Amino acid sequence: MRTIIHDLDESYDSLFKSKNENVIRADGKYAPCQGCFGCWTKQPAQCYMKDKLQMVCRMIGKADELVIITDNYYGAYSPSVKNVLDRSIGVSTPFSTYRGKQMHHTLRYGKKKKLAVYAYGSMTEDESKTFRYMVERNAINYGFQEFEFHYLENLNRLEEMEL
Amino acid sequence: MKIVFINGSPKKKLSVSSYLLGIVRLLVRGKVVSEQVRNAGDHERVLKSIKDADTVVFGMPLYVDGVPSHMLVFMKAMEKFCMDNNISLKVYAVSNGGFIEGCQNRPLMQVLENFCKRCNFQWCGGVGIGGGVMLNVMRIMFLVYTGLFILNTVTSGLTAALPIFAEQLVVVLFFSLGAFFYCLRMGIAVNKGATCGVKFTRILLPSFLFILAADIFFVIISIFQGGIFKGWLSQKE
Ligand SMILES: Cc1cc2nc3c(=O)[nH]c(=O)nc-3n(C[C@H](O)[C@H](O)[C@H](O)COP(=O)(O)O)c2cc1C
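This is a predicted model, so every value here is computed, not measured. (Residues numbered from 1 in each chain as written. Chains lettered and ligands numbered in written order. Predicted model: local features only at pLDDT ≥ 70, side-chain atom pairs only at ≥ 80, totals over all residues. Heavy atoms only, no water.)

Enquirer: Looking at this model, I keep getting lost on the site of the ligand. Mind explaining?
Expert: Neighbouring the ligand are 22 residues, the closest being Ser9(B), Val16(B), Ser17(B), Leu62(B) and Asn96(B). Near the ligand, residues from chains A and B are present, making the site a shared one. The contact in question runs from an oxygen atom of the ligand to an N or O atom on the backbone of Asp65(B), over 2.9 Å. In the model, a nitrogen atom of the ligand is placed 2.8 Å from a nitrogen or oxygen of the Gly98(B) main chain. The set of elements that each furnish at least two residues to the shell around the ligand consists of helix 1 (16-26), strand 4 (90-97) and helix 5 (132-156) of chain B. Its residues assigned to classes, the shell around the ligand shows ten nonpolar, nine polar and three charged. (Near = heavy atom within 4 Å. Polar contact = N/O pair within 3.5 Å; in protein donor to acceptor, adjacent residues only side chain to side chain. Helix = DSSP H or I, 4+ residues; strand = E, 2+ residues; numbered from the N terminus. Nonpolar A, V, L, I, M, F, W, Y, C, P; charged D, E, K, R; others polar.)

Set out below in structure tokens:
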């Protein structure tokens, strides 16, 4: 199963939805994570905040392929996309293990195939390096076996892509 | 010289970030202001505070290998505000993650450096700390031990209470030494307006023991909060 997270407008949303079941439009109309860990310790895989991200970790957790399309913020995801990721730590459990020789949490939904990130907007060379590194780290953190990072010079390319 | 400390943890109290900023602050002289950014409602106040500042010290938690989303929103607003008002700043940062390896904070530090470049700020360096939650536990233990020490002194006298307290103190402080050292070192650099590089440190405990402690910690919290009885590790549909 593939899940797409994107911060683009309605027209792209419809485009992705015409070919994919699980599309999360990161429109920023939700609250940021409050850092309480309740989605681990109180109501597993569920946030206490009742907005559209309350169960989002389940949709992300079940994806073997996660595609993220995001504006570039200093070599990181846009805040609305990052908000979705921050609110989805329920994809893992509170138990810890080693992955990539470092400490991480065990995965509620097991290992997954691929994390592919497409970033757009102006991007310096340093930001591009940071972004690639961040995606590599995220892939380990979320348990993806492979990762890809691409810079999208032109959003029109999305229409030609197999998304 | 005005130095603004910006705590980027969303937690109202007992955030590790505020604790770490507190340690950096110990050695910082000049006009010091402490702010917290929890959501967009805080932006106006904090930006006003930055307006006549020379230095900003960020403190924030590591979220999913990077800067928490609400802080990215703030940084964008800060970029615009500082460009519009021609503000140039020196920027330092201390971040902490739950995982034991301090170097897991590296992408976050790079993002902050990129941010400084975009804003024409001087990136003066940061400290990335692993095992943040345990730092907090140590801080709480310190308070508990201090309380017990006072109680003990009253009931059995200082000579009996002091050796026990000293021993407890050494244990509690030892684990946090790396964090203390680099935070204090950053405080000194802030005073001089000097760069201090990007350093990573951690709770001084072997990682397998730390993982064991973290697992026990989450089991206890999950018993109290009830999550353990609600399909704690199961795959939710
Ligand atoms: C949404 C979320 C994501 C997190 N992601 C990471 C992570 O990727 N790596 C890590 O080491 N810790 C991670 N943590 C743990 C926090 O960084 C840690 O609990 C920290 O001590 C919180 O600091 P604070 O008390 O200042 O908010 C995450 C916590 C939350 C709530």
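Anyway, onward from the coordinates.
Enquirer: Explain the pairing of strand 1 (residues 2-7) of chain B here, please?
Expert: Residues and elements named next belong to chain B. Burial within strand 1 is extensive, with six of its six residues counted as buried. Where strand 1 lies against strand 2 (residues 31-36), six bridges are found, and the strand directions are parallel. Note on strand 2: the bridge partner recorded for Asn7 is Gln36. Bridge count for strand 1 against strand 3 (residues 55-61) is five bridges, and the pairing is parallel. When the sheet's bridge partners are listed, Asn7 is paired in strand 3 with Gly59. (Buried < 20%, exposed > 50% of the residue type's maximum accessible area, 1.4 Å probe, protein only. Pairing = 2+ DSSP bridges.)

Enquirer: For this particular structure, what's the right way to read the nonpolar core?
Expert: A general tendency of soluble globular proteins is for nonpolar side chains to be buried together. Ranked by internal contacts, the top residues of the largest apolar core, which has 63 residues, are Ile5(A), Ile6(B), Ile50(B), Phe58(B), Phe74(B), Met78(B) and Leu89(B). For Phe74(B), the residues in contact, after removing those within four places along its chain, are Ile6(B), Val37(B), His43(B), Val46(B), Leu47(B), Ile50(B) and Phe58(B). Of all hydrophobic cores here, the second largest spans 39 residues; its members include Val57(B), Ala179(B), Met186(B) and Ile203(B). (Core = buried A, V, L, I, M, F, W, Y, C linked by side-chain atoms within 4.5 Å. Contact = heavy atoms within 4.5 Å.)

Enquirer: I would appreciate a short explanation of the sheet that holds strand 7 (residues 144-151) of chain A in the present structure.
Expert: Backbone-to-backbone hydrogen bonds pair the strands of a sheet. The strands run either parallel or antiparallel. Residues and elements named next belong to chain A. Taken together, the five strands give an open sheet; going across it, the order is 2-1-3-6-7, and neighbouring strands pair in parallel fashion. Each edge of the sheet is formed by a strand with only one pairing partner; in this case those strands are strand 2 (22-25) and strand 7. Each adjacent strand pair in this sheet contributes to an overall mean axis angle of 15 degrees, direction not counted. Relative to strand 2, strand 1 (residues 2-6) is paired through four bridges, and the arrangement is parallel. By the bridge assignment for strand 2, Thr3 is matched with Asn22. Against the sheet, helix 5 (residues 125-142) engages strand 3 (65-71), strand 6 (112-120) and strand 7, with an angle of about 160 degrees to strand 7. (Axes fitted to C-alpha atoms, helices over the stretch in contact; angles between N-to-C directions.)

Enquirer: How should I be thinking about the pairing of strand 3 of chain A in this particular structure?
Expert: Residues in a regular strand point their side chains to alternate faces of the sheet. All names here are of chain A. With five of seven residues buried, strand 3 is to be regarded as a mostly interior element. Bridge count between strand 1 and strand 3: five bridges; the pairing is parallel. Residue pairing for strand 3: Ile4 is matched across the bridge by Val67. Inspection of the sheet shows strand 3 paired to strand 6 by seven bridges, in the parallel sense.

Enquirer: Would you mind showing me how to read the interface of chain B and chain A here?
Expert: By convention, interface size is frequently given as the accessible area that disappears when the constituent parts associate. The interface is formed by 52 residues belonging to chain B together with 51 residues belonging to chain A. The junction of chain B with chain A conceals about 4400 Å² of combined surface from both sides, 58% of it contributed by carbon and sulfur atoms. Counting across the chain B and chain A interface gives three salt bridges. Put simply, Lys62(A) and Glu237(B) hold a salt bridge, and the shortest N to O gap is 3.7 Å. Across the contact surface, chain B and chain A share 29 residue pairs in polar contact (both at pLDDT 80 or more). Elements supplying a minimum of two residues to the side of chain B that touches chain A: helix 3 (69-84), helix 4 (106-119) and helix 7 (207-225) of chain B. Counting residues per element, the side of chain B that touches chain A draws most heavily on helix 7 of chain B, at eleven residues. Tallied by class, residues from the side of chain B that touches chain A come to 24 nonpolar, 15 polar and 13 charged. (Buried area = accessible area lost by both parts, 1.4 Å probe. Salt bridge = Lys/Arg side-chain N within 4 Å of Asp/Glu carboxyl O.)

Enquirer: Help me out: how do you make sense of the sheet that holds strand 5 (residues 122-130) of chain B in this one?
Expert: Residue and element names in this part refer to chain B. With parallel pairing, the six strands of this open sheet are ordered in space as 2-1-3-4-5-6. Looking along the sheet, the strands with just one partner apiece sit at the ends: strand 2 and strand 6 (197-202). If you compare each strand with its neighbour and ignore which way they point, the axes differ by 15 degrees on average. Sitting on the sheet, helix 1 is in contact with strand 1, strand 2, strand 3, strand 4 and strand 5, with an inclination near 160 degrees to strand 1.

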